[in-house]
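Breakdown of the fold
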Amino acid sequence: MPTFSAHDGTGLAYHAEGEGEPLVCLPGGPMRASAYLGDLGGLAAHRGLVRLDLRGTGDSAVPGDDATYRCDRLVDDVEALREHLGLDRADVLAHSAGGNLALLYAAAHPGRVRSLTLVTPGTRALGIEATAEDWRGAVALRRGEPWYEAGRSAWEAFLGGAELDDLWPDIVPFMYGRWDAAAREHAADDAHQTNPHARGGYYAEGAFDPGATRKALAALEVPVLVLAGEYDGGPTPARAREIAALFPHGTAAVQSGAGHYPWLDDPGAFRRTVAAFLEAGRPP
């Protein structure tokens, strides 16, 4: 397991797998160890995946200062990884909450990014968040599932202000295109892969300046892919197209039958879409 030092001396770990040019992979959660990304549906057959364990997660060290868990502070860790890998410009892939980190990194270091792949991304950094109606629309798509009624009630309670932790067992099936054994195992791993203390600091006050970030990214001259799942509420396919339109060379793709973890729902479709984008700067 390779390691390197962040600029503040915190020891950080990453996991390398696959062949070809490096693809820096930033996990979501927020603050979930990168193990949950796996080989991204076999994408390691096309690129050398470099999965970063963010500070305080996975095999990376706990920092001395809790304030460094804030999303904007983690930008320096991504830059330190690029320097460690000896890359002049990096292809960056980010999932879910990690999308915010990738967006802030691209805004701060546009000359160091070669392409940006945002997989079901969080976009608070842009001032865009999934709305209650986005989630209600996504929930409605799952009518007929045996867990639908309990899940719909849980979603309504959450959207009404109830604590997510108590409702999560009924909500989590909506995050996957298929609530099968593989999805259940993947969801169960979340509890021991996520650092709850670090998670609380990720979105701390002051992390984002959406106006400044949008302005910076409006001049980002690299290809950007925003990949949404058909059944996902964060972002919905329509919201993904809105996000992609903010970039000079942005494009959106929607994976049929997928939820928030599209590489699990249909590995082949995910692999083909992302590999084609990385090769040609656009999805097939």
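First, a word on scope: everything that follows refers to the structure included in this document. (Residues numbered from 1 in each chain as written. Predicted model: local features only at pLDDT ≥ 70, side-chain atom pairs only at ≥ 80, totals over all residues. Heavy atoms only, no water.)

1. Here we look at the sheet that holds strand 6 (residues 113–119)
Read from one edge to the other, the open sheet built from eight strands follows the order 1-2-4-3-5-6-7-8, with strand pairing classed as mixed. Edge strands, defined here as strands with exactly one partner in the open sheet, are strand 1 (3–5) and strand 8 (250–255). Across this sheet, the average inter-strand angle for adjacent strands is 25°, counted without regard to direction. By the bridge criterion, six bridges tie strand 7 (residues 224–229) to strand 8 in an arrangement that is parallel. Bridge pairing in strand 8 places Val224 opposite Gly250. The strands that helix 1 (residues 75–85) touches are strand 1, strand 2 (11–17), strand 3 (22–26), strand 4 (48–53) and strand 5 (90–95); relative to strand 1, the one it contacts most, it runs at about 115°. On top of the sheet, helix 12 (residues 267–280) reaches strand 3, strand 5, strand 6, strand 7 and strand 8; it is set at about 160° to strand 6, its chief contact. (Pairing = 2+ DSSP bridges. Helix = DSSP H or I, 4+ residues; strand = E, 2+ residues; numbered from the N terminus. Axes fitted to C-alpha atoms, helices over the stretch in contact; angles between N-to-C directions. Contact = heavy atoms within 4.5 Å.)

2. Remarks on the layout of surface pockets
What the largest pocket holds in volume is close to 1,400 Å³. What lines the largest pocket is a set of 42 residues, among which Gly29, Pro30, Arg124, Leu164 and Arg199 lie closest to the centre. Where the lining of the largest pocket is concerned, the elements lending two or more residues are helix 4 (148–159), helix 5 (164–171), helix 6 (181–188), helix 7 (190–193), helix 8 (196–202) and helix 10 (237–244). Among the elements that make up the lining of the largest pocket, the one with the highest residue count is helix 5 (four residues). A breakdown of the residues in the lining of the largest pocket according to their chemical character gives 23 nonpolar, eleven polar and eight charged. (1 Å grid on protein atoms, 1.4 Å probe; cavity = no way out; pocket = protein on both sides within 12 Å on 5 of 7 lines; lining within 4 Å. Points joined across faces, edges and corners; volume = space filled by probe spheres on them. Nonpolar A, V, L, I, M, F, W, Y, C, P; charged D, E, K, R; others polar.)

3. Notes on helix 1
Turning to helix 1, its buried residues are Val75, Asp77, Val78, Glu79, Ala80, Leu81 and Arg82. Tucked inside the fold, the buried residues of helix 1 contact strand 1, strand 2, strand 3, strand 4, strand 5 and helix 2 (98–108). At the exit of helix 1 stands Gly86, carrying a positive phi of roughly 75°. (Buried < 20%, exposed > 50% of the residue type's maximum accessible area, 1.4 Å probe, protein only.)

4. Here's the deal with the packing of helix 4 against helix 5
What describes two packed helices is the angle between their axes and the distance between those same axes. At a minimum axis distance of 8 Å, the contact between helix 4 and helix 5 shows a crossing angle of 155°. On the basis of the axis angle, helix 4 is roughly antiparallel to helix 5. The way helix 4 lies across helix 5 gives a crossing that is left-handed. Residues Ala150, Gly151, Ala154, Trp155, Ala157 and Phe158 of helix 4 form the contact with helix 5, whose participating residues are Leu164, Leu167, Asp170 and Ile171. (Parallel < 35°, antiparallel > 145°, perpendicular 65-115°, else oblique. Left-handed = near helix turned anticlockwise from the far one by under 90°.)

5. A short note on unusual backbone geometry
That bond from Gly29 to Pro30 is cis: its omega, -5°, falls within 30 degrees of zero. Turning to its location among the elements, Pro30 is positioned in the loop between strand 3 and strand 4. The omega torsion of the bond from Gly234 to Pro235 falls at 5°, within 30 degrees of zero and hence cis. The residue Pro235 is located in the loop between strand 7 and helix 10 in this model. Even without glycine at this site, Met31 takes up a positive phi of about 65°. Structurally, the position occupied by Met31 is in the loop between strand 3 and strand 4.

6. Things to note about helix 12
Every α-helix winds through 3.6 residues per turn, so residues three or four apart in the chain are directed the same way. The terminal C-alpha atoms of helix 12 lie 20 Å apart, and with 14 residues this matches the ideal 20 Å at 1.5 Å per residue to within 8%. Among all positions in helix 12, only Gly268, Ala269, Phe270, Thr273, Val274, Ala275, Phe277 and Leu278 are buried. Packed against the buried residues of helix 12 are strand 3, strand 5, strand 6, strand 7, strand 8 and helix 11 (262–265). (Expected span 1.5 Å × (residues − 1).)

7. Some remarks on the packing of aromatic side chains
We describe a pair of aromatic rings using the distance from one ring centre to the other and the angle between the two ring planes. Enumeration over the complete set of coordinates arrives at twelve aromatic pairs. With a centroid separation of 5.9 Å and an interplanar angle of 70°, the aromatic rings of Trp155 and Phe158 are classed as edge-to-face. Pair noted here: Trp155 and Phe158 are both in helix 4, with a separation of three residues, about one helical turn. For Trp155, a relative accessible area of 5% puts it in the buried group. Centroid distance Tyr202 to Tyr203: 5.0 Å. Interplanar angle 80°. Geometry classified as edge-to-face. On the basis of relative accessible area, Tyr202 is assigned to the buried category, the value being 0%. Accessibility expressed as a relative area gives 27% for Tyr203, which makes it partly exposed. Put simply, the rings of Tyr36, Tyr176, Trp179, Tyr261, Trp263 and Phe270 touch in pairs and so form one group of aromatic residues. Between the NZ or CZ atom of Arg124 and the centre of the ring of Tyr203, over which it lies, the distance is 3.8 Å. (Phe/Tyr/Trp six-rings, centres within 6.5 Å; stacked < 30°, edge-to-face > 60°. Lys NZ or Arg CZ within 6 Å of the ring centre and 35° of its normal.)

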